[in-house]
Amino acid sequence: MSFKSILSIGLSALLMAALVYYVVKGDNLMNTNAEMQVREYAHLPEMNLGWLSLKDHFIATVGPYSGRGEQLKNLLVLADAKIQPKSRFPDHPHNDMEILTWVVHGTLQHLDNKGTNQAVPAEHLQLMSARDGIFHAEGNSSNESLRLLQIWINPNSKGGTPVVQTAGLNQKGFNLLAGPEQAPLILRQNVWMYVAKFENDEQVFEIPEDKFAYAVSIGKLAWSGKDLKDGDGLVAQNGKFSIKGTGQAIVILQKKK
């Protein structure tokens, strides 16, 4: 299915997306009152090609499920992918798409027709703003396993020279890595991406009243007292939640209206 076909799938409201979730609420730990709707990793559509395995939180772009799934407002794709050593996607094009790739562990190798040859290390985020068009390949040229989260965001403007940039964590707690302004990576959309690393500690994230979040839990983390499994996703809104354990928390904010 073409990218235009994927993008033609109608916008799904938050409540419609939540039909495939079960609902849990925060347990008032540290005055937490965020409402959470959890989507279990085990129940996500899965695709395995041997060299590549992935789970799709929203619209699938590879394999037999390609084109299926529902987007969450401007969040079109969130693929949890594992790429075996010495393997990569073949060269392929993108245009008018904001593509974020968070490297959970391992090293992502990116090459494109604009002259970029870039190794993105673990706990770093790459932005590829495709704009007028970019032809690229990405994969794992190392001898170690690679896991990444790839996120496609529908931009609010089109055209222009493609941009490829990276940013990493530079402080303890939640780091704003991408957003429409005042972020290391500038997105062409009202979407904000925060990431935090946990080393058997506890941190709090507060969701602004005018926004909702989609988050991915990596490792062994409890969200407001609710133990989530590695790779679980969740929709959250209305307040704050505490996160405790060891792993990574990826939080993507969008405006409610």
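A brief report on the enclosed structure follows. Note that the structure is a prediction, hence the values are computed from the model and not measured.

## Describing the overall build of the protein chain
Then step 1. Assigned secondary structure in the protein chain consists of 2 helices and 19 strands.
Then step 2. Per-residue burial for the protein chain yields a buried fraction of 54% across its 257 residues.
Then step 3. Contacts in the protein chain between residues at least 24 apart in sequence constitute 70% of all its contacts with a sequence separation of at least 6.
Then step 4. As displayed, the protein chain has an accessible area near 11,600 Å², and 49% of this comes from carbon and sulfur atoms.

## Overview of the side chain of His94
Then step 1. Mapped onto the secondary structure, His94 falls in strand β7 (residues 92-94).
Then step 2. Polar side-chain contacts of His94 include one of 3.2 Å to the side chain of His92.
Then step 3. Within the structure, His94 has its side chain in polar contact with the side chain of His136 (distance 3.4 Å).

## A short note on the pairing of strand β4 (residues 52-56)
Then step 1. By the criterion of burial, β4 is predominantly enclosed, with 5 of the 5 residues buried.
Then step 2. Along β4, one buried face is formed by Leu52, Leu54 and Asp56 and the opposite face, lined by Ser53 and Lys55, is buried too.
Then step 3. Where strand β3 (residues 46-48) and β4 come together, 3 bridges link them in antiparallel fashion. When the bridges of β4 are listed, Asn48 appears paired with Ser53.
Then step 4. If you look at the hairpin formed by β3 and β4, you'll find 3 residues sitting between the two strands, and Gly50 has a positive phi there, around 90°.
Then step 5. Pairing analysis gives 5 bridges linking β4 to strand β5 (residues 75-83), with the strands arranged antiparallel. Its bridge partner lying in β5, Leu52 is registered against Ile83.

## Re the pattern of salt bridges
Then step 1. For the coordinates displayed, the defined rule picks out 8 salt bridges.
Then step 2. For the salt bridge of Lys197 with Glu199, the shortest nitrogen-to-oxygen distance reads 3.9 Å.
Then step 3. Assessed through its relative accessible area of 58%, Glu199 is described here as exposed.
Then step 4. The salt bridge involving Lys211 is made with Asp210; its shortest N-O contact spans 3.3 Å.

## Brief notes about the packing of aromatic side chains
Then step 1. Summed over all chains, the structure comprises 7 aromatic pairs.
Then step 2. Ring geometry for Phe205 versus Phe241: centroids 6.2 Å apart, planes at 20°, classification stacked. Of this pair, Phe205 sits in strand β17 (residues 191-223) while Phe241 is found in strand β19 (residues 233-255), placing the two residues 36 residues apart along the sequence. Per residue, the accessibility class of Phe205 equals that of Phe241, and both read buried.
Then step 3. Three or more aromatic residues link up through ring pairs in this structure, and these residues are Phe174, Tyr194, Phe198, Phe205, Trp223 and Phe241.
Then step 4. Here Lys55 stacks its cationic end above the ring of Tyr41, 5.0 Å away from the centre of that ring.
Then step 5. The ring centre of Trp192 lies 4.7 Å from the NZ or CZ of Lys211, which sits over that ring.

## Things to note about the pairing of strand β8 (residues 98-105)
Regular strands place their side chains on alternate faces of the sheet.
Then step 1. Taken across its 8 residues, β8 has 7 buried, putting it largely inside the fold.
Then step 2. By the bridge criterion, 7 bridges tie β8 to strand β13 (residues 146-153) in an arrangement that is antiparallel. Bridge pairing in β13 links Glu98 to Ile153.

## Let's talk about the sheet that holds β3
Then step 1. Read across the sheet, 7 strands follow the order β3-β4-β5-β13-β8-β11-β14 without closing on themselves; strand pairing throughout is antiparallel. Both outer strands of the open sheet, β3 and β14 (163-168), are each paired with one neighbouring strand and no more. The average angle at which neighbouring strand axes cross in this sheet is 20°, direction not considered.

## Quick notes on the environment of Asp132
Then step 1. Tracing the sequence through the fold places Asp132 in the loop between β11 (124-129) and β12 (134-140).
Then step 2. The class for Asp132 is exposed, based on a relative accessible area of 58%.
Then step 3. Along the sequence, Asp132 and Met97 sit 35 residues apart, while their C-alpha atoms lie 9.4 Å from each other.
Then step 4. The residues contacting Asp132, other than those within four sequence positions of it, are Asn95, Gly159 and Gly160.

Procedures and definitions
- Residues numbered from 1 in each chain as written.
- Predicted model: local features only at pLDDT ≥ 70, side-chain atom pairs only at ≥ 80, totals over all residues.
- Heavy atoms only, no water.
- Helix = DSSP H or I, 4+ residues; strand = E, 2+ residues; numbered from the N terminus.
- Buried < 20%, exposed > 50% of the residue type's maximum accessible area, 1.4 Å probe, protein only.
- Contact = heavy atoms within 4.5 Å.
- Areas by Shrake-Rupley, 256 points an atom, 1.4 Å probe, with all protein chains shown as cover.
- Polar contact = N/O pair within 3.5 Å; in protein donor to acceptor, adjacent residues only side chain to side chain.
- Pairing = 2+ DSSP bridges.
- Salt bridge = Lys/Arg side-chain N within 4 Å of Asp/Glu carboxyl O.
- Phe/Tyr/Trp six-rings, centres within 6.5 Å; stacked < 30°, edge-to-face > 60°.
- Lys NZ or Arg CZ within 6 Å of the ring centre and 35° of its normal.
- Axes fitted to C-alpha atoms, helices over the stretch in contact; angles between N-to-C directions.

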